Amino acid sequence: MAGNTQSQREKDSPEMTAEQLYEPQAPKRTRRQEFWMLFRKNKLAMIGLILFVLFFFTALTGLILTSGPHPVFDPALIRLQEKLRPPLSKPDLPTLQPNQIPAPGIYLLGTDDLGRDVFARMLQGAWVSLTVGFVAVGIAVFIGIFLGGIAGYFGQRHIRADHLLWIVFLIIGLMLLAAKLNYAGVVLILCTSIWAIYRIRKKATSKKQPSAWQRMLQRKTLSVDTLIMRFVDVMLCFPSFFLILTVVALLPASIYNIMIVIGLTSWMGATRFVRAEFLSLREQDFVAAAKALGLSNFRIIFRHMMPNAIAPVLVSATIGIATAILTEAGLSFLGFGVPPPHSTWGNILSDGKRFIFDAPWLTFIPGFAILMVVLSFNLFGEGLRDVMNPKLRERQ
């Protein structure tokens, strides 16, 4: 019996060793935990994340402290007797009214040529920059996902000649509305819509052989992918900043116009990213299985394909926020940005350029803030790109 027991243990020991070899040597991690572990290894990306979080809370604090009928820091309060005071200087209390005394008791970042507190203006400008950056990029990403998804999923389908005419007439109508020719624009859009509805209903009910004119209108012209991507190429041919500058000069000055114009002129990169991902995803087995189950195109695109194509768009959007903030600062510096009474880092910088030798803090403080915020978003975006790209992740 003892011999049998010993031989049985010898037989069982190799099997136990093999099972132990195939057991996981480390605890399983979720995708979120693995993402965070890889992201923490990139020191520059962590610095960018920390700076972004500080900027976000600074902007949120600035919104709370500089808004309302009686703000803690009033960025529009003028004290002509306190103009061009250097940072950390104390106010001249005998010459000030009680409501003109700064809340901390000192001018943390000095005053400008009208005696306005630069610290209060920087707080308000932080929220304006954050809002412009996120809203403009949100508009660009929404347009990019929509057009890129259509180009990537329906790209092989062709557009008929009558459909192409509808698109051209609708674009002309929108251009007329933008040019404030409201009557002509509304009439053209209504006529085009009525024509399109009539043609669709007639095609569904008519059983007659189409005429030569109708056959010409039903001829296939460009593919969906060709039409969208050639439009992207045309948009990329224009220098984006000068295009924004031209449009902003024609429109009334408004923070909303700035956000919309920047968003409408920066969607091309997101469109190309989404299209490239969709071209590879639409040939995958899970898309073929979804089509075999009879799922609608809308559900396949937004429920199954979009989550797998959004990673490069997020990286592009993060870096795009920095570009939008820099564009807004450049427009404000040139006098085409957010109008008063809103303070932005660009118009603070523009006001300070006249006093660069007498009051250099008016130039250096907003310039350094723009530098750090743009750098933080770029570092954060580069870190996201390295973590989400398996090829770059293997090189680390």
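Residues numbered from 1 in each chain as written. Predicted model: local features only at pLDDT ≥ 70, side-chain atom pairs only at ≥ 80, totals over all residues. Heavy atoms only, no water.

**Points about the overall build of the protein**
Step number 1: A count of helices and strands for the protein gives 17 helices and 2 strands.
Step number 2: Counting all 396 residues of the protein, 38% fall into the buried class.
Step number 3: Counting only contacts in the protein whose residues sit at least 6 apart along the sequence, the fraction spanning at least 24 positions is 70%.
Step number 4: With the model as given, the accessible surface of the protein reaches about 24,000 Å², and the carbon-plus-sulfur share is 66%. (Helix = DSSP H or I, 4+ residues; strand = E, 2+ residues; numbered from the N terminus. Buried < 20%, exposed > 50% of the residue type's maximum accessible area, 1.4 Å probe, protein only. Contact = heavy atoms within 4.5 Å. Areas by Shrake-Rupley, 256 points an atom, 1.4 Å probe, with all protein chains shown as cover.)

**Considerations on the packing of aromatic side chains**
Step number 1: Taken as a whole and assessed by the stated rule, the structure comprises 12 aromatic pairs.
Step number 2: Between F52 and F134, the aromatic rings sit 6.4 Å apart at their centres with planes inclined by 35°, giving tilted as the arrangement. Here F134 lies in helix 4 (residues 118–153) and F52 lies in helix 3 (residues 43–66), a separation of 82 residues in the sequence.
Step number 3: We classify F52 as buried; its relative accessible area is 17%. (Phe/Tyr/Trp six-rings, centres within 6.5 Å; stacked < 30°, edge-to-face > 60°.)

**Brief notes about unusual backbone geometry**
Step number 1: Although it is not a glycine, L84 sits at a positive phi angle of roughly 55°.
Step number 2: Looking at the secondary structure, you find L84 in the loop between helix 3 and helix 4.
Step number 3: L84 sits in the partly exposed class, given a relative accessible area of 25%.
Step number 4: Of note in this structure, L88 is not a glycine but carries a positive phi near 65°.
Step number 5: In this structure, L88 sits in the loop between helix 3 and helix 4.
Step number 6: The exposure class assigned to L88 is exposed, which follows from its relative accessible area of 60%.

**Things to note about the packing of helix 4 against helix 10 (residues 255–264)**
Step number 1: Helix 10 packs onto helix 4 with a crossing angle of 40° between their chain directions and a minimal axis gap of 7 Å. Overall, the two elements helix 4 and helix 10 adopt an arrangement that is oblique. Note that helix 4 runs across helix 10; the crossing there is right-handed. Of the residues in helix 10, those touching helix 4 at V128, T131, V132, V135, A136, I139, A140 and I143 are I255, I258, M259, I260, I262, G263 and L264. (Axes fitted to C-alpha atoms, helices over the stretch in contact; angles between N-to-C directions. Parallel < 35°, antiparallel > 145°, perpendicular 65-115°, else oblique. Left-handed = near helix turned anticlockwise from the far one by under 90°.)

**Focus: the side chain of E82**
Step number 1: For E82, the location among the structural elements is in the loop between helix 3 and helix 4.
Step number 2: One polar contact links E82 to R85, side chain to side chain, over a distance of 2.8 Å.
Step number 3: Among the polar contacts listed, one links the side chain of E82 to the side chain of Y107, at a separation of 3.2 Å.
Step number 4: Excluding residues within four positions of it along the chain, E82 makes contact with P91, D92, T95, L96, Y107, T111 and G115. (Polar contact = N/O pair within 3.5 Å; in protein donor to acceptor, adjacent residues only side chain to side chain.)

**Side note on the pattern of salt bridges**
Step number 1: Taken as a whole and judged by the stated rule, the model has 9 salt bridges.
Step number 2: The closest approach of N and O atoms between R116 and D112, which form a salt bridge, is 2.8 Å.
Step number 3: R116 sits in the buried class, given a relative accessible area of 15%.
Step number 4: The shortest N-O distance in the salt bridge between E283 and R282 comes to 3.5 Å. (Salt bridge = Lys/Arg side-chain N within 4 Å of Asp/Glu carboxyl O.)

**Topic: the side chain of R282**
Step number 1: Structurally, the position occupied by R282 is in the loop between helix 11 (268–281) and helix 12 (285–292).
Step number 2: Within the structure, R282 has its side chain in polar contact with the backbone oxygen of G152 (distance 2.7 Å).
Step number 3: Apart from residues no more than four positions distant in its own chain, R282 is found in contact with G152, Y153, G155, Q156, V287 and M305.

**A few points about the nonpolar core**
Step number 1: If you look at the biggest cluster of nonpolar residues, it comprises 64 residues, and the most contacted ones within it are F39, F55, F278, W345 and F377.
Step number 2: Counting residues in hydrophobic clusters, the runner-up holds 12 residues, among them A140, I159, M235 and W267. (Core = buried A, V, L, I, M, F, W, Y, C linked by side-chain atoms within 4.5 Å.)

**Regarding the confidence of the model for the protein**
Step number 1: When pLDDT is averaged across the protein, the result is 80; 86% of the residues are at 70 or more.
Step number 2: Here residues 9–14 is a poorly scored stretch, pLDDT under 50, and it has 0 contacts once near neighbours within four places are set aside; other chains count. (pLDDT = per-residue confidence, 0-100.)

**Thoughts on helix 13 (residues 297–309)**
Count 3.6 residues to each turn of an α-helix, and residues three or four apart come out pointing the same way.
Step number 1: The terminal C-alpha atoms of helix 13, which comprises 13 residues, lie only 16 Å apart, well short of the 18 Å expected from a rise of 1.5 Å per residue.
Step number 2: Within helix 13 the residues assigned to the buried category are I300, I301, M305, M306 and A309.
Step number 3: Where helix 13 is buried, its residues meet helix 4, helix 11, helix 12 and helix 14 (311–333). (Expected span 1.5 Å × (residues − 1).)

**A closer look at the environment of S280**
Step number 1: By the element assignment, S280 lies in helix 11.
Step number 2: Judged by its relative accessible area of 39%, S280 falls in the partly exposed class.
Step number 3: Expressed as a C-alpha distance, the spacing of S280 and Y153, which sit 127 residues apart in the sequence, is 9.8 Å.

**Looking at a nonpolar patch on the surface**
Step number 1: Where nonpolar side chains cluster on the molecular surface, the patch consists of V53, F56, F57, L60, L63 and I64 and spans about 500 Å² of accessible area.
Step number 2: Summarising the element assignment, V53 is placed in helix 3. (Patch = residues over 30% accessible without salt bridge, like charges linked within 9 Å, V, L, I, M, F, W, Y side chains within 5 Å.)

**Observations regarding the packing of helix 8 (residues 224–237) against helix 11**
Step number 1: Two elements in contact, helix 8 and helix 11, have axes whose closest approach is 10 Å; the angle formed by their N-to-C orientations is 145°. Two packed elements cross with a definite hand, and for helix 8 against helix 11 that hand is left-handed. Of the residues in helix 11, those in contact with D225, I228, M229, V232, M235 and L236 of helix 8 are M268, T271, R272 and R275.
Step number 2: When the residues that make up the contact of helix 8 with helix 11 are grouped by side-chain class, the tally is 6 nonpolar, 1 polar and 3 charged. (Nonpolar A, V, L, I, M, F, W, Y, C, P; charged D, E, K, R; others polar.)

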